[in-house]
Amino acid sequence: MAVTSAALLRLRLRTELRKARMAAGLTQREVADRMEWSPSKLIRIEAGEVGISVNDLRPLAATYGITDRRKLEELLDMARGSRRMPFTEYRDLYGKDFLQFLALESAAWINRQYSSLAIPGLLQTEEYMRAVMQSFGKDASEERIERGVEARLARQDLLEESDGREFFFILDESVVRRLTGGRGVMRTQLEHLADLSTRDHITIQILPFSVGAHPGIHGPFTLFEFQAEEMEDTLFIEDSRGDTYPGGSAEETRRYLERFWELEDLALKDGVDVVLRRLAERVVEGGGELEDLLQQEPA
């Protein structure tokens, strides 16, 4: 919970500092000039990419005209608590956008993911992880794969926490039919998905081929929602290279949330565990729509 709290505190702090700057009517460049910082330093603080020391925060608060002692102490406490961010030991593997993704993932109260390419990292078995990482080609050294597996397994601790978090996953049918890592690996992965889909706090849906063109056809995305009302929902989009980067405005985030709800209406929800187990038995040998598999008599 410590790293989760650190991620939440940094997110709250960046939001409060951005609001304070705007309330003071100052641009980022004006603040950077007054603080004798490079503009990039303030940009990175407001983006949550780096923390801010107590020694830097005090004069910054003064620049923003924050004189209320209680408010200042609240900001200082956030700065102190946000120094230890999750997954920073993997900076050699991941860029700043994905490290930010991991930090917010650890802090989110509701996690919504649509995947059209591969099973999401939170749901992958270790063997499936290795198969996916080996497909990276030149970047797939044994050491890099081992550290990547280590990081993904650490992320999955979130699924075991019974603290009220909720997870919603929508998988394109191609994701569960694609033979990744060989028949044994895929069978185990599908059985694992089936087991996860029966947990109360995890919802897994499958978007059948039969729906045709749909709102998610442009690619995978993730939405994070936070328990604290003052925290803004956050969007991450995965591009054609597999890189994950933050979305833009609150309006764009809202549009993607509506897109997710549309996909929920189209996707198969009831009996997903049954479908996944039957797919596992057939080890993705093809044939039949998902709805037909659901109607088949057990073998």
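It should be noted that the structure appears before, not after, this text.
This section reports on the structure supplied with the text. Values in this document were obtained by computation on a predicted structure and should not be read as measured data. (Residues numbered from 1 in each chain as written. Predicted model: local features only at pLDDT ≥ 70, side-chain atom pairs only at ≥ 80, totals over all residues. Heavy atoms only, no water.)

Side note on the packing of helix α4 (residues 54–63) against helix α5 (residues 69–81)
Point 1. Put simply, α4 and α5 touch, their axes get as near as 10 Å, and they point 150° apart. The angle between α4 and α5 falls in the class roughly antiparallel. Crossing geometry of α4 relative to α5 is assigned as right-handed. Across the interface between the two elements, V54, L57, R58 and A61 of α4 pack against L72, L75, L76, A79 and R80 of α5.
Point 2. Of the residues in the contact of α4 with α5, the class split is seven nonpolar, no polar and two charged. (Axes fitted to C-alpha atoms, helices over the stretch in contact; angles between N-to-C directions. Helix = DSSP H or I, 4+ residues; strand = E, 2+ residues; numbered from the N terminus. Parallel < 35°, antiparallel > 145°, perpendicular 65-115°, else oblique. Left-handed = near helix turned anticlockwise from the far one by under 90°. Contact = heavy atoms within 4.5 Å. Nonpolar A, V, L, I, M, F, W, Y, C, P; charged D, E, K, R; others polar.)

Some words on the pairing of strand β3 (residues 202–207)
Point 1. Taken across its six residues, β3 has six buried, putting it largely inside the fold.
Point 2. Burial along β3 is two-sided: the face carrying I202, I204 and I206 and the face carrying T203, Q205 and L207 are both buried. (Buried < 20%, exposed > 50% of the residue type's maximum accessible area, 1.4 Å probe, protein only.)

A short note on the packing of helix α2 (residues 28–35) against α4
Point 1. Interaxial distance between α2 and α4 falls to 11 Å at its minimum, and their mutual angle equals 125°. Classified by the angle between their axes, α2 and α4 sit oblique to one another. For α2 against α4, the interelement crossing comes out right-handed. Here α2 contributes V31, R34 and M35 to the contact with α4, which in turn contributes D56, P59, L60 and T63.
Point 2. Along the lines of polarity and charge, the residues of the contact of α2 with α4 split into four nonpolar, one polar and two charged.

Topic: the environment of Y64
Point 1. Note that Y64 resides in the loop between α4 and α5.
Point 2. Excluding its chain neighbours within four sequence positions, the residues that come into contact with Y64 are L17, A20, R21, A24, L26, V31, L42 and E46.

Things to note about the side chain of D172
Point 1. Here D172 is to be found in strand β2 (residues 166–172).
Point 2. One buried charge, D172, has no salt-bridge partner; the nearest side chain with opposite charge is R178, at 6.6 Å.
Point 3. A polar contact of 2.7 Å, which involves the side chain of D172, links it to the side chain of S174.
Point 4. What D172 contacts, discounting residues up to four positions off in sequence, is Y114, S115, S116, L207, F209 and H214. (Lys, Arg positive; Asp, Glu negative; His and termini not counted. Salt bridge = Lys/Arg side-chain N within 4 Å of Asp/Glu carboxyl O. Polar contact = N/O pair within 3.5 Å; in protein donor to acceptor, adjacent residues only side chain to side chain.)

Things to note about α4
Point 1. Among the residues of α4, those classed as buried are L57, L60 and A61. Each buried residue of α4 sits inside an arc of 100° when the element is viewed along its axis, so together they form one side. The exposed set on the far side of α4, more than 90 degrees from its buried face, consists of N55 and A62. (Arc of directions from axis to C-beta.)

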